[in-house]
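Listed below, chain by chain, are the residues.
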There are 2 protein chains.
Amino acid sequence: MSERICGEIPRPTLSRLPAYLNYLKARRAEGARSISAAQIARDLKLTEIQVRKDLAFLSSGRPRVGREVEELVDCISRQLTGRAGAVLVGAGRLGQALLFYEGFRAYGLEILAAFDSREELVGREFNGKRVFSAEEISRVTRELGAAIGILAVPERAAQWAADQLVAGGVRGIFNFAPVHLEACEGVVLHNEDLAASMALLTRAIPAP
Amino acid sequence: MSERICGEIPRPTLSRLPAYLNYLKARRAEGARSISAAQIARDLKLTEIQVRKDLAFLSSGRPRVGREVEELVDCISRQLTGRAGAVLVGAGRLGQALLFYEGFRAYGLEILAAFDSREELVGREFNGKRVFSAEEISRVTRELGAAIGILAVPERAAQWAADQLVAGGVRGIFNFAPVHLEACEGVVLHNEDLAASMALLTRAIPAP
């Protein structure tokens, strides 16, 4: 197989990669072997120009009329997959759902441990991952060498938990608490405000 | 209080509103009464021009040097809050976490009922919301007049569940399954691929 050079990909393109990946996997499952930028654009509601530009970042630049679905799935997967260990703060309902979520494995992500301040949860295991006391966030995170911290805690605890994770050496934080966090220099923050996202969806729906 | 005209807000601005809201609430909690676009821009890592343009959509156009924090929180909240009923397909761990999630209320969102194909879950209640059989999605959704459907099901069930929701009259679907969905005309689709988002975060973190 020819070597593919996947160079530096701009963030907007990167953010579209998961949608491309899921779409191409669906087409592959239907038996498609090649696909045109025009068809991808139609089905993903993007412009053809956008799709061509995005795909150009994924190839060595060979001009192709049709794209091999398998090659694209392969290249995009490689762009998104990396070995990264994560720790989770908050082992409540959302936290437990994340501990059992099988989808992370497909991207080489794994939650290594969880933390909670509630005594009744400390020492328990969910899907083989142990819950430590919240007082141990920074120590255990550092020992595990976790790169990512996930916050599934109430708003009032989020800043403190983020600070502990940063003290433990994480370089990225994925925050589910609907609260603005002050993060450290050098730590990438992603806010996932589910309720706000759903409110935006509600706002976007056409009036009946 | 003077009447504020909040006109048609472009989607990119809309998508930033939740971050503005959480940030301004944090500033308000610290006692801030007014705030400059420059400070908002600094703390949210946006350009000042972007912030000014976004805020202009929220006001009646009165030129102001400093913005009243309370007014901004109020106006943004009103933009994001609406009365919308939702139904949830999938009452597993993620579904249950969503049923207990208190954050939806702040935006006037409420999950009215849930569905699952597993017999042991049908008839149970979580946070006062009943789980119906998956066979009843379209009937119950229509009876409840739910505008939004939330998918917290495995990939293999997602398309079928989406079709049932559309048959039940939803106008928007919030999908957690990491799979491409073919949605109906007139139905707004939002994909929330948590694993992919986390993979993108992992990719963004600076090398150690």
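Residues numbered from 1 in each chain as written. Chains lettered and ligands numbered in written order. Predicted model: local features only at pLDDT ≥ 70, side-chain atom pairs only at ≥ 80, totals over all residues. Heavy atoms only, no water.

Considering the interface of chain A and chain B
- Counting from both sides, the interface comprises 56 residues of chain A and, opposite them, 56 residues of chain B.
- Both sides together, the interface formed by chain A and chain B hides about 5,000 Å², and carbon and sulfur atoms give 71% of it.
- It is A:His180, A:Met198 and A:Arg203 that lose the most area in chain A upon contact with chain B, and together they represent 14% of the buried surface on that side.
- Inspection of the region where chain A meets chain B yields two salt bridges.
- Where A:Arg27 meets B:Glu182, a salt bridge forms, and the shortest distance between an N and an O atom there is 3.1 Å.
- At the boundary of chain A and chain B, one finds six residue pairs in polar contact (both at pLDDT 80 or more).
- Taken together, the elements giving at least two residues each to the side of chain A that touches chain B come down to helix H1 (11–29), helix H2 (37–44), helix H4 (69–80), helix H5 (93–100), strand E7 (148–151), strand E8 (172–175), strand E9 (188–191) and helix H8 (194–204) of chain A.
- Sort the elements by how many residues they give to the side of chain A that touches chain B and H8(A) lands first, with eleven residues.
- Here the residues of the side of chain A that touches chain B sort into 36 nonpolar, eleven polar and nine charged. (Contact = heavy atoms within 4.5 Å. Buried area = accessible area lost by both parts, 1.4 Å probe. Salt bridge = Lys/Arg side-chain N within 4 Å of Asp/Glu carboxyl O. Polar contact = N/O pair within 3.5 Å; in protein donor to acceptor, adjacent residues only side chain to side chain. Helix = DSSP H or I, 4+ residues; strand = E, 2+ residues; numbered from the N terminus. Nonpolar A, V, L, I, M, F, W, Y, C, P; charged D, E, K, R; others polar.)

Thoughts on the relation of the copies chain A and chain B
- Its rotation angle being 180°, the transformation that places chain A on chain B also includes 0.0 Å of axial translation and leaves an RMSD of 0.0 Å. Considering both components of the superposition, the chain copies are consistent with a two-fold axis.
- Mapped onto chain B, 100% of the interface residues of chain A are again interface residues, and the two copies thus contact each other with one and the same surface. (Least-squares fit on C-alpha atoms with pLDDT ≥ 70 in both.)

Brief notes about helix H8 (residues 194–204) of chain B
- Of all eleven residues in H8(B), nine are buried; the element is thus mostly enclosed.
- If you check which residues of H8(B) are buried, you get B:Leu194, B:Ala195, B:Ala196, B:Ser197, B:Met198, B:Ala199, B:Leu200, B:Leu201 and B:Thr202. (Buried < 20%, exposed > 50% of the residue type's maximum accessible area, 1.4 Å probe, protein only.)

So, the UniProt feature "binding site: NAD(+)" (unreviewed entry) in chain A
- Sites flagged by UniProt as "binding site: NAD(+)" (unreviewed entry) map to A:Gly90, A:Ala91, A:Gly92, A:Arg93, A:Leu94 and A:Gly95.
- For A:Ala91, the position within the fold is in the loop between strand E3 (84–89) and H5.
- Residues in contact with A:Ala91, not counting those within four places in the same chain, are A:Gln96, A:Phe115, A:Asp116, A:Arg118, A:Leu121 and A:Val131.
- With respect to the helices and strands, the residue A:Leu94 is situated in helix H5.
- What A:Leu94 contacts, discounting residues up to four positions off in sequence, is A:Ala152, A:Phe176, B:Leu94 and B:Ala97. (UniProt positions renumbered as here; feature names shortened; annotations may be inferred.)

Focus: the sheet that holds strand E5 (residues 125–126) of chain A
- An order of E5-E6-E4-E3-E7-E8-E9 (chain A) is seen for the seven strands of this open sheet, with the pairing classed as mixed. Lying at the two open borders of the sheet, with one neighbouring strand each, are E5 and E9 of chain A.
- Examined bridge by bridge, E7(A) and E8(A) share four bridges and lie parallel to one another. Paired with A:Ile150 across the bridge in E8(A) is A:Phe174.
- Docked against the sheet, helix H6 (residues 137–144) of chain A engages E3, strand E4 (109–116) and strand E6 (129–133) of chain A, running at close to 160° with respect to E4(A).
- Across the face of the sheet, H8(B) comes into contact with E3, E4, E7, E8 and E9 of chain A while running at roughly 155° to E8(A). (Pairing = 2+ DSSP bridges. Axes fitted to C-alpha atoms, helices over the stretch in contact; angles between N-to-C directions.)

Looking at the side chain of A:Thr141
All names here are of chain A.
- Mapped onto the elements of the fold, Thr-141 is located in helix H6.
- There is a polar contact of 2.6 Å between the side chain of Thr-141 and the backbone oxygen of Ile-137.
- Ignoring sequence-local partners within four residues, the contact set of Thr-141 consists of Val-87, Phe-115, Glu-136, Ala-146, Leu-165, Gly-168 and Val-170.

Some remarks on unusual backbone geometry
- For A:Asn127, which is not glycine, the phi dihedral falls at a positive 55°.
- By the element assignment, A:Asn127 lies in the loop between E5 and E6.
- Of note, B:Lys45 is a non-glycine position whose phi angle comes to about 55°, a positive value.
- Along the chain, B:Lys45 falls in the loop between helix H2 (37–44) and helix H3 (48–56).
- Owing to a relative accessible area of 72%, B:Lys45 belongs among the exposed residues under this scheme.

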